[in-house]
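Examining the three-dimensional arrangement
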Protein chains: 2
Amino acid sequence: MTQRIPTVGVFDSGVGGLTVLKSLLTQASAADYLYLGDTARLPYGSKSRATVARYAVSSARFLVEQGAEALVIACNTASALALDALRSAVEVPVIGVIETGATAALQSSQTKDVLVIATAATVESHAYSAGCRERGLRAIEKACPLLVPLVEEGWIDHPVTREVTGIYIDDLLSEASKAGMTADTLVLGCTHYPLLRSVIEDSLRAHATGQAVRVIDSAHVTAEQAAAPLAPRADGQRKPAVRFYATDSVEKFRALGTRFLGRAIDGVELVDLGG
Amino acid sequence: MTQRIPTVGVFDSGVGGLTVLKSLLTQASAADYLYLGDTARLPYGSKSRATVARYAVSSARFLVEQGAEALVIACNTASALALDALRSAVEVPVIGVIETGATAALQSSQTKDVLVIATAATVESHAYSAGCRERGLRAIEKACPLLVPLVEEGWIDHPVTREVTGIYIDDLLSEASKAGMTADTLVLGCTHYPLLRSVIEDSLRAHATGQAVRVIDSAHVTAEQAAAPLAPRADGQRKPAVRFYATDSVEKFRALGTRFLGRAIDGVELVDLGG
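Computed from a predicted model, the values in this text were never measured in an experiment.

Parameters at a glance
Residues numbered from 1 in each chain as written. Chains lettered and ligands numbered in written order. Predicted model: local features only at pLDDT ≥ 70, side-chain atom pairs only at ≥ 80, totals over all residues. Helix = DSSP H or I, 4+ residues; strand = E, 2+ residues; numbered from the N terminus. Rg over C-alpha atoms; globule rule 2.2 N^0.38 Å. Buried ≥ 20, exposed ≤ 12 C-beta atoms within 10 Å, placed from the backbone. Contact = placed C-beta atoms within 7 Å. Expected span 1.5 Å × (residues − 1). Bend = angle between axes of the 7 residues up to and from the residue. Pairing = 2+ DSSP bridges. Axes fitted to C-alpha atoms, helices over the stretch in contact; angles between N-to-C directions. Least-squares fit on C-alpha atoms with pLDDT ≥ 70 in both. Nonpolar A, V, L, I, M, F, W, Y, C, P; charged D, E, K, R; others polar. Core = buried A, V, L, I, M, F, W, Y, C linked by C-beta atoms within 7 Å.

1. Let's talk about the overall build of chain A
- For chain A, the helix and strand inventory stands at 11 helices and 10 strands.
- The C-alpha radius of gyration of chain A comes to 18 Å, within 12% of the 19 Å expected for a compact globule of 275 residues.
- In terms of overall dimensions, chain A has C-alpha extents of about 55 × 40 × 40 Å along its principal axes.
- Per-residue burial for chain A yields a buried fraction of 55% across its 275 residues.
- Residue pairs at least 24 apart in sequence account for 80% of intrachain contacts in chain A once pairs closer than 6 positions are excluded.

The following block contains the structure:
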């Protein structure tokens, strides 16, 4: 009997969500994938809830029209600001990165105090705080708006990136300390941040006062948690089929995306979602 | 006899163009103004020509529908990538910042060698190089993608901003030197950069080898050059009427815009241009 292969849509404002797709391709290889980067309208992280919801809903509808039977919202900002709007707009299951990130923080934290770094819009929504509170955790969130541009400039292991990261981490740890928290877990609440993981870990070691802090990649965790219900790991070496869509230049998507997916990307299709 | 007061539309992807509006309000006060910031779709500086042209044309049409009898394209990226598309799309005169910036560079430069800093899209279009070449100047352009996020983070006089600016200026001067150029003029090819003018001037002084470099603000020059044909300076203390439009959060437009306009902004209207 042949196993039916489901089609899963993965959505992000840009190429960052390719880190989630990368994990899905190995952890849930008994599925095929559609990936949409809404590159013509990025970034979402500096925009309002109404605008982000409008963009995310049109993107999700496009993926469902193309055959997606479930959606993984790899974009933290869209997950934070538009998950309800998305679940109302489409009839397929929708998995967001905030809920899975908060669950992973619960599994990681002994002290029940958690740090979150994310975009300005994600932090202003306090979606991580709410998700953590529901799970009995305290969370402090910090917006780090310069980290995405630094990654996109390609300054990954760069003195400026180390300095900026240090400023953000230092602010965050001071705030946590003032609140009487003993955090042992930091959630990377943006799909660009895993590329700065070692810089962030170094900065935590340099600034932390006693308590070691474990870094959690919400993208990776989402893939892990999404894998079981969406698709089991395939027997043998099944290589999922992937179709890529972008709303702006396919050349730029390919060039920048390769860094996130960790392999060459071909056959990106340009789509017009209006605007 | 009462002088007829023309209505001029000023367009930018965000709030940066308010520096141009600010100059127009004093230099061409015998006009009223409409200002549109396409904040839901910014930034333009990292996007493709086709996408920028589509966004700029829909924005320009909106301003003409609202009564604009002439358009000032304060956005360098839109001026660089979409000026022809804009002139085809609307029937009113369209003034862009690249042409006026290149003319100002010609007036400033003795050595005929000019430096330009701008967004990635503006630099890739080589619109400044072409505009300078037409005027008998040589130009070298440098993309500075981190400067806009640094200004938007509010890190104006900040050690990180000084370091990043130093890296960009140093690269630019090295490249100019390798090309055998003796530049004496630097054009600020993005409406965010005037806020970093003193940081940029300090950096030029620190890195320059002999030849002093004068900084030209293309926004200010555009207002000066636009003033005469659009509207003379009004007699007395006429205060032009201004209507503000934004495509994303009006609160954010007001909060961030105040820094660029140099005075409080009220009555911003939210508009939906699709997308």
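Okay, back to it.
2. Notes on helix H3 (residues 76–89) of chain B
Residue and element names in this part refer to chain B.
- The terminal C-alpha atoms of H3, which comprises 14 residues, lie 18 Å apart, in line with the 20 Å expected from a rise of 1.5 Å per residue.
- Of all the bends found along H3, the most pronounced is centred on alanine 82 and spans about 80°.
- Residues Asn76, Thr77, Ala78, Ser79, Ala80, Leu81, Ala82, Leu83 and Leu86 constitute the buried set of H3.

3. Some thoughts on the sheet that holds strand E7 (residues 185–189) of chain B
All names here are of chain B.
- Taken in spatial order, the four strands make up an open sheet running E6-E5-E7-E8, and their pairing is parallel. Only two strands of the sheet have a single partner each, and these edge strands are strand E6 (138–143) and strand E8 (214–217). When strand polarity is set aside, the average angle formed by the axes of neighbouring strands in this sheet is 25°.
- The pairing of E7 with E8 spans four bridges and is classified as parallel. Across the sheet, leucine 186 pairs through a bridge with valine 215, a residue of E8.

4. As for the relation of the copies chain B and chain A
- Rotating chain B by 180° about the axis while translating it 0.0 Å along that axis superimposes it on chain A, leaving an RMSD of 0.0 Å. Considering both components of the superposition, the chain copies are consistent with a two-fold axis.

5. Quick look at the sheet that holds strand E2 (residues 32–37) of chain B
All names here are of chain B.
- Spatially, E4-E3-E1-E2-E9-E10 is the arrangement adopted by the six strands of the open sheet, whose pairing is parallel. Edge positions in the open sheet fall to strand E4 (94–96) and strand E10 (268–270), since each of these has one partner strand only. Each strand of the sheet is rotated relative to its neighbour by a mean of 20°, with strand direction disregarded.
- Across five bridges, the pairing between E2 and strand E9 (residues 242–246) is parallel. Within E9, the residue paired with leucine 36 across the bridge is tyrosine 245.

6. Describing the interface of chain B and chain A
- Listed as interface residues are 18 residues of chain B and, on the opposing side, 18 residues of chain A.
- Mapped onto the side of chain B that touches chain A, the elements with two or more residues apiece are helix H7 (147–152) and helix H8 (159–178) of chain B.
- The greatest single-element share of the side of chain B that touches chain A, amounting to three residues, is contributed by H8 of chain B.
- When the residues that make up the side of chain B that touches chain A are grouped by side-chain class, the tally is seven nonpolar, five polar and six charged.

7. Notes on the nonpolar core
- Counting 190 residues, the largest nonpolar core has Val10, Leu71 and Ile73 of chain A together with Val10, Leu71 and Ile73 of chain B as its most contacted members.
- Once you skip the residues sitting within four places of it in the chain, valine 10 of chain A turns out to touch Gly17, Val20, Leu21, Leu24, Tyr33, Tyr35, Val72 and Ala74 of chain A.

8. Section: the environment of glycine 67 of chain B
All names here are of chain B.
- With respect to the element layout, glycine 67 can be found in the loop between helix H2 (49–65) and strand E3 (70–73).
- Classification of glycine 67 as partly exposed rests on a count of 13 C-beta atoms within 10 Å.
- For the pair glycine 67 and leucine 34, spaced 33 residues apart in sequence, the C-alpha separation works out to 8.5 Å.

9. Digging into the pairing of strand E5 (residues 113–118) of chain B
Residues and elements named next belong to chain B.
- Counting buried residues along E5, six of its six residues qualify, which places the element largely inside the surrounding structure.
- What you see with E5 is no split at all: Asp113, Leu115 and Ile117 on one side and Val114, Val116 and Ala118 on the other are buried throughout.
- Summarising the sheet, E5 and E6 pair through six bridges and their orientation is parallel. Each residue of the ladder has a partner; that of valine 116, found in E6, is glutamate 141.
- Judged from the five bridges that link them, E5 and E7 form a sheet pairing that is parallel. Residue valine 114 lies in a different strand from E7, and its bridge partner there is threonine 185.

10. Let's talk about unusual backbone geometry
Residue and element names in this part refer to chain A.
- Omega for the bond connecting leucine 42 with proline 43 falls within 30 degrees of zero, at -5°, which places this linkage in the cis form.
- Inspection of the secondary structure puts proline 43 in the loop between strand E2 (32–37) and helix H2 (49–65).
- The phi angle at lysine 112 is positive, at roughly 70°, despite the residue not being glycine.
- Among the secondary structure elements, lysine 112 is positioned in the loop between helix H4 (97–108) and strand E5 (113–118).

11. Here's the deal with the pairing of E3 of chain B
Residue and element names in this part refer to chain B.
- Here E3 shows two buried faces, one formed by Ala70 and Val72 and the other by Leu71 and Ile73.
- Pairing of strand E1 (residues 7–12) with E3 involves four bridges; the strand directions are parallel. The residue of E3 that forms the bridge with valine 8 is alanine 70.
- Pairing between E3 and E4: three bridges, direction parallel.

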